[in-house]
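This is what each chain is made of:
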Number of protein chains: 2
Amino acid sequence: MNEANKYPSCLTTKEIENILKASGVQSTAQRLAVSRYVLCEASHCTVEEVKDWADQNFPKISLATVYNTLNILVEVGLLKALKLSHSDKVIYDNNVDNHYHFLDEQTGELSDISSDKIDFKTSLNESFKINSIDVLIKGTKSINKV
Amino acid sequence: MNEANKYPSCLTTKEIENILKASGVQSTAQRLAVSRYVLCEASHCTVEEVKDWADQNFPKISLATVYNTLNILVEVGLLKALKLSHSDKVIYDNNVDNHYHFLDEQTGELSDISSDKIDFKTSLNESFKINSIDVLIKGTKSINKV
DNA sequence: TTACCTGCAAACTCTTTGCACCGCA
DNA sequence: TGCGGTGCAAAGAGTTTGCAGGTAA
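The structure contained in this document is the topic of the report that follows. (Residues numbered from 1 in each chain as written. Chains lettered and ligands numbered in written order. Predicted model: local features only at pLDDT ≥ 70, side-chain atom pairs only at ≥ 80, totals over all residues. Heavy atoms only, no water.)

Residues and elements named next belong to chain A. Spatially, S1-S3-S2 is the arrangement adopted by the three strands of the open sheet, whose pairing is antiparallel. On the outer flanks of this sheet lie strand S1 (44–46) and strand S2 (80–82), each paired with one strand and no other. Each adjacent strand pair in this sheet contributes to an overall mean axis angle of 35°, direction not counted. Both S1 and strand S3 (residues 91–93) contribute to a ladder of three bridges, which runs antiparallel. In the strand pairing of S3, Thr46 is matched with Ile91. (Pairing = 2+ DSSP bridges. Helix = DSSP H or I, 4+ residues; strand = E, 2+ residues; numbered from the N terminus. Axes fitted to C-alpha atoms, helices over the stretch in contact; angles between N-to-C directions.)

On to the interface of chain A and chain B. The interface of chain A with chain B comprises 37 residues on the first partner and 36 residues on the second. Taken over both partners, the interface formed by chain A and chain B buries close to 3100 Å², and the fraction arising from carbon and sulfur atoms is 50%. Together, Lys83, Ser127 and Asp134 of chain A form the three largest contributors to the area buried by chain A at its contact with chain B, with a combined 18%. The tally of links between chain A and chain B comes to four salt bridges. Ionic pairing is found between Lys138 of chain B and Asp134 of chain A, a salt bridge with its closest N-O pair at 3.4 Å. Summed over the shared surface of chain A and chain B, the result is 24 residue pairs in polar contact (both at pLDDT 80 or more). Of all the elements in the fold, those that place two or more residues in the side of chain A that touches chain B are strand S5 (110–114), strand S6 (118–122) and strand S7 (128–141) of chain A. (Contact = heavy atoms within 4.5 Å. Buried area = accessible area lost by both parts, 1.4 Å probe. Salt bridge = Lys/Arg side-chain N within 4 Å of Asp/Glu carboxyl O. Polar contact = N/O pair within 3.5 Å; in protein donor to acceptor, adjacent residues only side chain to side chain.)

This paragraph deals with the protein's contact with DNA strand D. Taken together, 16 residues form the shell around DNA strand D, and within it Thr28, Lys60 and Ser62 of chain A together with Tyr67 and Lys89 of chain B come nearest. Within 4 Å of the protein, the atoms of DNA strand D are drawn from sugar and phosphate moieties in a proportion of 84%. Contact between DNA strand D and Ser62 of chain A: a phosphate oxygen at 2.7 Å from a main-chain N or O atom of the residue. Of all the elements in the fold, those that place two or more residues in the surface near DNA strand D are helix H2 (29–41) and helix H4 (63–75) of chain A together with helix H4 (63–75) of chain B. (Near = heavy atom within 4 Å.)

Take the packing of H2 of chain A against H4 of chain A next. When two helices pack together, their arrangement is given by the angle between their axes and by how far apart the axes lie. All names here are of chain A. Contact geometry for H2 and H4: axes closest at 10 Å, N-to-C directions at 60°. On the basis of the axis angle, H2 is oblique to H4. In this structure, H2 crosses over H4, and the sense of that crossing is right-handed. For the pair H2 and H4, contact is made by Gln30, Arg31, Val34, Ser35 and Val38 and by Thr65, Asn68, Thr69, Leu70, Ile72 and Leu73, respectively. Residues belonging to the contact of H2 with H4 are distributed by class as follows: five nonpolar, five polar and one charged. (Parallel < 35°, antiparallel > 145°, perpendicular 65-115°, else oblique. Left-handed = near helix turned anticlockwise from the far one by under 90°. Nonpolar A, V, L, I, M, F, W, Y, C, P; charged D, E, K, R; others polar.)

Below, the discussion takes up the layout of surface pockets. For the largest pocket, the calculated volume is near 860 Å³. Sorting the residues of the lining of the largest pocket by element identifies S2, strand S4 (99–104) and S7 of chain A together with strand S2 (80–82), strand S4 (99–104) and strand S7 (128–141) of chain B as the ones contributing at least two each. Residue classes in the lining of the largest pocket are distributed as 17 nonpolar, ten polar and nine charged. In this model, the second largest pocket occupies a volume close to 580 Å³. Lining the second largest pocket are 21 residues; nearest its centre among them are Ala42, Ser43, His44, Cys45 and Glu49 of chain A. Looking at the lining of the second largest pocket, the elements with two or more residues in it are H2, S1, helix H3 (47–57) and S5 of chain A. Split by residue class, the lining of the second largest pocket holds nine nonpolar, seven polar and five charged. (1 Å grid on protein atoms, 1.4 Å probe; cavity = no way out; pocket = protein on both sides within 12 Å on 5 of 7 lines; lining within 4 Å. Points joined across faces, edges and corners; volume = space filled by probe spheres on them.)

Okay, structure coming up:
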């Protein structure tokens, strides 16, 4: 996590390239760099963070290309775009499985909560057909436990 | 509990004035008009809707005053400001009790879900201190039942 | 009278778009 | 060569702010 400015070790450039190709996304140097960062290194990042990282780790990229790339990754299902109530910025989540979120209101840190950590029983009547459920738990996380 | 914040639509100007006064908000003609609309008539409205309503029902009000008034009502706890993932606009909710929301993705209609309709068990460890929980259920509501 | 509210327009933030240029298939 | 990706700047949406003038206590 402190290595944030380095290329992540989880996936090679070649692997990222294959992932993009499998999703029908044409590879370019900019897209590879952005994808590698958001898919491996950053779990919940904003456009601004991607741009800042890219400015330090990539020869040249425009903000429009960052937006464009992230939007494409969302479209093909490699990322989820979150709009949470505490911020006006979109947060990109590389966990595309069904899960919930916890926001530490003191630090601003956002963490994933596995969907099996919440037991959810609704007694809505049958006229409600549920497609998805967004849950954001706000609070604080004490220091003694990660 | 649902009755606590459900101002009857017959609420008089005088009553609104008293509510504002009780919250330490100075009454003006604009504030009374906006407050009456959002506290009585509209359950989930946007700034735009308030402005449109006011333009038709009030001699003159600026957009800035609408924003200002709604922000004040949120500050004093008479309204809740919601930012939901399907829209960039803030939605003002006159139900300030703890409750959840259901979004009909076909109609865009937002409805309240009483907190007792959802049984919520989290098995987060003790390092998580929960202050509040936002829940947005997305789906569709069938027509045969309101 | 004094403090505060209002209206207007400009500013601000985040995101998208239009367009010329460039690179890769 | 041609399609489409990139960069830049401008535009756009939603919201806030600065300020001059007006209004209520």
